[in-house]
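Structural overview for review
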Amino acid sequence: KPGEQKHAKEPTSLQCMHLAVVACGDRLEETLIMLKSAVLFSNRRLCFHIFAEDSLKPEFEKKLKEWPSSYTKKFEYNIYPITFSVGNAQEWKKLFKPCAAQRLFLPVILKDVDSLLYVDTDVLFLRPIDDIWHILTEFNSTQLAAMAPEHEIPKIGWYSRFARHPYYGTTGVNSGVMLMNLTRIRNTQFKNSMIPSGLTWEEMLYPLYQKYKNYITWGDQDLLNIIFYFNPECLYVFPCQWNYRPDHCMYGSNCKGAEEEGVSILHGNRGVYHDDKQPTFKALYEVIRDFPFEDNLFQSLYYPLQSKFLDTVHTLCGRIPQVFLKQIEKTMKKVYENRVIVYLGANHRY
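Given the structure is predicted, the values throughout are model-derived calculations rather than measurements.

Rules of the game
Residues numbered from 1 in each chain as written. Predicted model: local features only at pLDDT ≥ 70, side-chain atom pairs only at ≥ 80, totals over all residues. Heavy atoms only, no water. Disulfide = S-S within 2.5 Å. Helix = DSSP H or I, 4+ residues; strand = E, 2+ residues; numbered from the N terminus. Buried < 20%, exposed > 50% of the residue type's maximum accessible area, 1.4 Å probe, protein only. Salt bridge = Lys/Arg side-chain N within 4 Å of Asp/Glu carboxyl O. Pairing = 2+ DSSP bridges. Axes fitted to C-alpha atoms, helices over the stretch in contact; angles between N-to-C directions. Contact = heavy atoms within 4.5 Å. Core = buried A, V, L, I, M, F, W, Y, C linked by side-chain atoms within 4.5 Å. Domains from an automatic or database assignment. Right-handed = clockwise from strand over helix to strand, strands pointing away.

Here's the deal with the state of the cysteines
- In the structure shown here, the tally under the stated rule is three disulfides.
- The disulfide that involves cysteine 240 links it to cysteine 255, with 2.1 Å between the sulfurs. Classification of the bridge connecting cysteine 240 and cysteine 255 rests on its S-S torsion, roughly 100°, and on that basis the disulfide is right-handed. You can see cysteine 240 sitting in the loop between β8 (235–237) and α12 (256–261) and its partner cysteine 255 sitting in the loop between β8 and α12, a full 15 residues away along the chain.
- Residue class for cysteine 240 comes out buried when judged on its relative accessible area of 3%.
- Disulfide pairing is shown between cysteine 249 and cysteine 317; the S-S distance is 2.0 Å. Between cysteine 249 and cysteine 317, the disulfide has an S-S torsion of 90° and is therefore right-handed. One end of the pair, cysteine 249, is in the loop between β8 and α12; the other, cysteine 317, is in the loop between α14 (297–309) and α15 (321–348), and 68 residues separate them in sequence.
- The exposure class of cysteine 249 is buried, given its relative accessible area of 1%.

Looking at the pattern of salt bridges
- Across all of its chains, the model carries 14 salt bridges by this definition.
- In this structure, the salt-bridge partner of arginine 103 is aspartate 120, at a minimum N-O distance of 3.6 Å. A residue pair is termed long-range when its members are at least 10 positions apart, and arginine 103 in the loop between α5 (89–94) and α6 (106–109) and aspartate 120 in the loop between β4 (115–119) and β5 (123–125) qualify at 17 residues.
- Look at aspartate 120 and you get buried, because its relative accessible area is 16%.
- Of the charged contacts, one joins glutamate 261 and arginine 127 as a salt bridge, the two residues approaching to 4.0 Å between their closest N and O atoms. Note that glutamate 261 is positioned in helix α12 and arginine 127 in the loop between β5 and α7 (129–133), a separation of 134 residues in sequence.
- Classification of glutamate 261 as partly exposed rests on a relative accessible area of 35%.
- Shared partners join several salt bridges into a network, and the residues in it are Asp26, Arg27 and Glu30.

Some points on the sheet that holds β8
- Read across the open sheet, the seven strands follow the order β3-β2-β1-β4-β7-β6-β8; overall the sheet is mixed. Every interior strand has two partners, whereas the edge strands, β3 (75–80) and β8, have only one. Geometrically, the sheet is characterised by an average inter-axis angle of 25° between neighbouring strands, direction not taken into account.
- Where strand β2 (residues 46–52) lies against β3, six bridges are found, and the strand directions are parallel. Directly across from cysteine 47, in β3, lies its bridge partner glutamate 76.
- Together, β6 (145–149), β7 (173–181) and β8 form the strand contacts of helix α11 (residues 220–230), whose direction differs from that of β7 by roughly 65°.

Considerations on the environment of methionine 180
- Within the element layout of this structure, methionine 180 appears in strand β7.
- Take methionine 180: its relative accessible area is 1%, and that puts it in the buried class.
- Put simply, methionine 180 and leucine 106 are 74 residues apart on the chain and 9.5 Å apart in space, counted from C-alpha to C-alpha.
- What methionine 180 contacts, discounting residues up to four positions off in sequence, is Leu106, Asp114, Ser115, Leu116, Tyr118, Leu136, Leu144, Ala145 and Ile185.

Observations regarding the nonpolar core
- Leu19, Leu117, Phe125, Ile132, Tyr244, Leu266 and Phe324 are the most contacted members of the largest nonpolar core, which totals 75 residues.
- In terms of residue count, helix α2 (residues 28–41) provides more of this core than any other element does, nine residues in total.
- Looking at which domains feed residues into this core, each of domain 1 (17–238) and domain 2 (241–345) supplies at least three.
- Setting aside anything within four residues of it in sequence, one finds tyrosine 244 in contact with Cys249, Cys255, Ala258, Val263, Ile265, Leu266, His267, Phe281, Ile320, Val323 and Phe324.
- Ranked by size, the runner-up nonpolar core spans 41 residues in total, among them Cys24, Phe84, Met204 and Phe228.

Observations regarding the pairing of strand β1 (residues 17–23)
- Burial of β1 is extensive: seven of the seven residues sit out of reach of the surface.
- Residues Met17, Leu19, Val21 and Ala23 point to one face of β1 and His18, Ala20 and Val22 to the other, with burial holding for every one of them.
- In this structure, β1 lies alongside β2, joined through seven bridges in parallel fashion. Bridge assignment links alanine 23 to a residue of β2, and that residue is alanine 52.
- For the crossover that starts at β1, traverses α2 and ends in the parallel β2, the hand is right-handed.

Below you can see the structure in the form of structure tokens.
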């Protein structure tokens, strides 16, 4: 059958890297800057899955069509309404931030997608998505999702100090960057604290929320922590440079991976792109936002970034600019080399 034939071609990761985001309220610009950072540096084709309120759909379509064709040919996109397949939709919508719980339903909604990278709207890619996508190949036979720790140091971590519910590991995990093998998630029976036998992902979500709703603070992230507390063998934990947040530098540098390799994915939670509390994060956001698509990356992105960083040295994050610059410099060199080689190769043929 045609439908079965399509499914037989999975995993679609062979053709396309799937990226999902949920945008509600005033998150239009932030989401577009995230998508821009993904397109700027990626190598393989991207498939965007944008879940948004109905009022934002025409705005997304309008803005994405304004991007130059040299970039729009690198991706395709679908925009979906906000929907919750089980439980009370209004309850899910109010959980933590508007619509954030939508991410819990991605395995149920995107039935034809094998694997997916979910990110919050306040994420910026400083290297190709191809590199984090490759982590899917590192999953063992039981792992079906990957996230970074919520904190590196238990004594100052939120979960280790304040959580009133089960959570993964010693510091919990942060769900702002989440790599998922959706096929495995759909096919797994999950251990849980409600019944002795396993439950599917969809069967588990609403009863789990009902059981713990009076104890959770961070909404869907707390539910994911509870799920992987009972199913630790299902989670692959990637290092902090793949989900680098203000907590990794605002009390002093505590992400060793970023110190060694540079930040791979920047996560500007706490609203730091839009206030002056962490100017290093804001500088990166503004430089990528203002970068004209087809300009020279070094002249119009890297050098302005270096200049902006000079104004952030009064902060703890601003005192380690190499952590923020190392990976993006390496990425831009590769992009530049690829374009020069392709250009020279094309000329050489003639």
